[in-house]
Amino acid sequence: MSITLPFPIEEVEVATATFASTVTIEPTETSKITEEIAAVPEVKLPGYLGTRVQQVLEKFTDEYPELENVLVASTDGFDIASVVKENDEARIHRLAAITSSMLSLSREILAEMRAGEQKMLTLEGSKGTILISHAATRHFILCITVITSASHALGQLFWLLRQLTNDVEDICNNIDEHNSLQEDDNE
């Protein structure tokens, strides 16, 4: 597959390498994953999903206060539920968009490197740790982001995020079952 850019870039130098304006891309497993993601039909999330997930997040953060900030977002970057210290809606919207993009990019990197199925993305900073995971059902995938201080043990944070992911998946699967039952009644 060739991609022709709408502008010449022969003159542009990046690290002493020049590039032609036509780039050839060989199909890889990454292409397959991108096609699979694109093939998932766009599903409107049930309105009550946010409320149910919000309840789970609040209960979970009450039980495990080391999870200082938690966000659940759609794969297209829209926030669904959150428990954050600073309840700044604009910041929550930005975080939802960024984390869904990062999760998608990390999935592509793993596919390109043939490193297996994505489990979790970990970002360690001097003041905190960010863990990003996904909750999958038959109809949609959600991004789950946990932000905590740097003082907490990573192993415990991994376990907590997996537990939270399981709880969110259970809610989503129950919604799926509820929707399936309604569809059966309508037939």
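All values reported here derive from a predicted model rather than from experimental measurement.

Overall, the coordinates contain 1 cavity of 30 Å³ or more when judged by the stated rule. As for the largest cavity, its lining consists of N69, L71, V84, E86, D88, R91, I92, L95 and I147. For the lining of the largest cavity, the secondary structure elements donating two or more residues are β5 (69-74) and α3 (89-112). Across the lining of the largest cavity, the residue classes tally to 5 nonpolar, 1 polar and 3 charged.

So, about the layout of surface pockets. By volume, the second largest pocket is sized at about 250 Å³. Contributing elements (two or more residues each) for the lining of the second largest pocket: α3, β8 (128-136) and β9 (141-149). Of the residues that constitute the lining of the second largest pocket, the class distribution is 3 nonpolar, 5 polar and 5 charged.

Let's shift gears to the environment of I141. As for its placement among the helices and strands, I141 is situated in strand β9. Measuring from C-alpha to C-alpha, the distance between I141 and T75 comes to 6.3 Å, with 66 residues separating the pair along the chain. The contact partners of I141, leaving out residues within four places of it in the chain, are S74, T75, H134, A135 and A136.

Glancing now at the pattern of salt bridges. Summed over the entire model, instances satisfying the criterion amount to 2 salt bridges. Between K59 and E63 there is a salt bridge, with its nearest N and O atoms 4.0 Å apart. Residue K59 and its partner E63 are located together in helix α2 (residues 47-63), separated by 4 residues, close to a single helical turn. Taking relative accessible area as the criterion, K59 reaches 54% and is therefore assigned exposed.

A separate point is α3. Between the first and last C-alpha of α3 there are 35 Å, a value that for 24 residues agrees with the 34 Å anticipated at 1.5 Å per step. Among the residues of α3, I92, A96, T99, S100, L103, S106, R107, E108 and A111 are the ones counted as buried. Of the residues that open α3, the one with a side-chain oxygen 3.2 Å from the backbone nitrogen of A90 is D88. Looking one or two residues past α3, R114 carries a phi angle of roughly 55°, positive in sign.

Rules behind the numbers
Residues numbered from 1 in each chain as written. Predicted model: local features only at pLDDT ≥ 70, side-chain atom pairs only at ≥ 80, totals over all residues. Heavy atoms only, no water. 1 Å grid on protein atoms, 1.4 Å probe; cavity = no way out; pocket = protein on both sides within 12 Å on 5 of 7 lines; lining within 4 Å. Points joined across faces, edges and corners; volume = space filled by probe spheres on them. Helix = DSSP H or I, 4+ residues; strand = E, 2+ residues; numbered from the N terminus. Nonpolar A, V, L, I, M, F, W, Y, C, P; charged D, E, K, R; others polar. Contact = heavy atoms within 4.5 Å. Salt bridge = Lys/Arg side-chain N within 4 Å of Asp/Glu carboxyl O. Buried < 20%, exposed > 50% of the residue type's maximum accessible area, 1.4 Å probe, protein only. Expected span 1.5 Å × (residues − 1). Polar contact = N/O pair within 3.5 Å; in protein donor to acceptor, adjacent residues only side chain to side chain.

Structural measurements only, silent on function.
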